[in-house]
Amino acid sequence: MKAPLRELGRDTRGAVLLEYLIFAAFAGVVVAVALATVGPATVANYSKQRASLYQSNP
């Protein structure tokens, strides 16, 4: 049985999924910006520590 046209305007079955999708996309952008900001300094620090560990004499 098909719904009348006026009932189709009140159909909200995809609204919650859309809200979660928007939230996940926003959170993904925030994480990507944070990684791009902090990432190079963290990698440089890690590389420096790793190099100093390899230079130590056992």
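Residues numbered from 1 in each chain as written. Predicted model: local features only at pLDDT ≥ 70, side-chain atom pairs only at ≥ 80, totals over all residues. Heavy atoms only, no water.

This paragraph deals with the overall build of the protein chain. In terms of regular secondary structure, the protein chain is built from 2 helices and 0 strands. Expressed as a percentage of its 58 residues, the buried residues of the protein chain come to 0%. For the protein chain, the exposed surface amounts to about 5800 Å²; the carbon and sulfur share of it is 68%. (Helix = DSSP H or I, 4+ residues; strand = E, 2+ residues; numbered from the N terminus. Buried < 20%, exposed > 50% of the residue type's maximum accessible area, 1.4 Å probe, protein only. Areas by Shrake-Rupley, 256 points an atom, 1.4 Å probe, with all protein chains shown as cover.)

Let's shift gears to a nonpolar patch on the surface. On the surface, a cluster of nonpolar side chains totalling about 320 Å² of accessible area is made up of Leu18, Leu21 and Ile22. Here Leu21 is to be found in helix H2 (residues 15–55). (Patch = residues over 30% accessible without salt bridge, like charges linked within 9 Å, V, L, I, M, F, W, Y side chains within 5 Å. Salt bridge = Lys/Arg side-chain N within 4 Å of Asp/Glu carboxyl O.)

With 41 residues, H2 should cover 60 Å at 1.5 Å per step; its first-to-last C-alpha distance of 58 Å lies within 8% of that length. Of all bends in H2, the biggest is about 40°, found at Val38, and the proline Pro40 comes one to four residues later. (Expected span 1.5 Å × (residues − 1). Bend = angle between axes of the 7 residues up to and from the residue.)

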